[in-house]
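Examination of the molecular architecture
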Amino acid sequence: MGQISLEKAYLLAPYFEGLVYGLFLCLFGVTLYLYFNPTKNKRRQDNHTSVMISISAIMFLIATLHLAINCYRLLQGYADNHIAPSGPAVYLSNLKAWHYILKDVLFATQQILGSAAATYRTWVLWSYNWKVVVLPIILLAINIIAGSLICAAYTEVGSIFSVIVFDRLGRTYNSIAFASSVLTVGLMSYRIWSTHRNTANYHFGRGKLLSIMWILIESAALQIITEFMLLISFFSHNSFRYIVIEWITPMVGITFNSVTVCIKLQSLKEAEVRAENANNPVQTIGSMPMHHIKINITKEVENDAEVSKGSFGRGIGVKHDEGAANDA
């Protein structure tokens, strides 16, 4: 991967982040509409739903602040400091500046919050089994420590210690974040697939659980690919990482909300199908309709009783007189 100058990287980063943030804004709006519109959500909100909505709102707030700070940095660097002898790149690379520290704190907070939310979902899917989420919790704790040390190292900028800390802790932080994302998605997907396999004999077709599994994988794929790109560019010391690292903040929110929105839309679609079937008098087996069929039954009776001579020769189905039968 070819190197690009820091001036170009710092200039392109807010634009890419803005594009990803726009998608996050749309998804967040759809999430609020689905969960707070009384026509779409008629059920009472439970604790799990409240937690999901709260996490989504916090992620949106963090992403908004992060984009606002990068826009401020863009204006300061390329409008107010473009004629400075050092140029905009040196101004934007000042690790002691409050805006640089704050944007990185927001980035680390968003990524840790996303890992915590994925761990929580894994815990819920595995029926609140703590043994399953022990490793994700350990990775989350290590990432919290690494992120805190990186932010604290800004006070030692310029020393040999700071160079070692930023290099080693930066690699550790991004590696653990990538591993945590893959691990939680893998655990949730396996749980859904195993449940579908155990209940395969009790449903027809593909099944709802497999659809949820693919929603989960497809939603998390974009974030995992982005984190992998950041990891590769970080280990190769490529300046492309300054672009990728900025759009990860809204990307985490997109992954979280897309899972929520897709599953909610699928639930609404299934509820509409159930309501339509309940109101439709035509019953179905699978997709083959069954109509009411009128059946007429003709009953033939053969009388083998001995009859009198006068009544001999009467055919099948002829009603005999009861008195004649007694006389015979």
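The sections below set out a description of the structure shown in this document. All of these numbers come straight from a predicted model, not from anything done at the bench. (Residues numbered from 1 in each chain as written. Predicted model: local features only at pLDDT ≥ 70, side-chain atom pairs only at ≥ 80, totals over all residues. Heavy atoms only, no water.)

Counting its regular elements, the protein chain contains 9 helices and 2 strands. For the protein chain, the N- to C-terminal ordering of α and β elements is α-α-α-α-α-α-α-α-β-β-α. Burial status across the protein chain gives 39% buried among its 328 residues. Restricting the contact set of the protein chain to residue pairs at least 6 apart, pairs at least 24 apart contribute 74%. Accessible surface, the protein chain as shown: approximately 19900 Å² in total, 65% of it carbon and sulfur. (Helix = DSSP H or I, 4+ residues; strand = E, 2+ residues; numbered from the N terminus. Buried < 20%, exposed > 50% of the residue type's maximum accessible area, 1.4 Å probe, protein only. Contact = heavy atoms within 4.5 Å. Areas by Shrake-Rupley, 256 points an atom, 1.4 Å probe, with all protein chains shown as cover.)

Turning our attention to the nonpolar core. Membership of the largest hydrophobic core comes to 39 residues, with the highest contact counts inside it found for F24, I55, M59, Y173, W247, I248 and F256. Ranked by residue count, the leading element in this core is helix α8 (residues 241-279), at 10 residues. Once residues within four sequence positions are removed from consideration, I55 is found in contact with L113, A117 and F256. Core analysis: the second largest hydrophobic core is formed by 7 residues, I192, L210, L216 and V259 among them. (Core = buried A, V, L, I, M, F, W, Y, C linked by side-chain atoms within 4.5 Å.)

Taken together, the side chains of Y72, W98, L102 and V105 define a hydrophobic patch exposed on the protein surface, amounting to about 360 Å² of accessible area. Examining the composition of the nonpolar patch, we find that 3 residues originate from one element, helix α4 (residues 98-125), more than from any other. Its relative accessible area of 35% is what places L102 among the partly exposed residues. (Patch = residues over 30% accessible without salt bridge, like charges linked within 9 Å, V, L, I, M, F, W, Y side chains within 5 Å. Salt bridge = Lys/Arg side-chain N within 4 Å of Asp/Glu carboxyl O.)

What follows deals with helix α1 (residues 6-36). The terminal C-alpha atoms of α1 lie 44 Å apart, and with 31 residues this matches the ideal 45 Å at 1.5 Å per residue to within 8%. Taken as a whole, α1 carries its principal kink of about 25° at L12; the proline P14 stands between one and four residues after it. (Expected span 1.5 Å × (residues − 1). Bend = angle between axes of the 7 residues up to and from the residue.)

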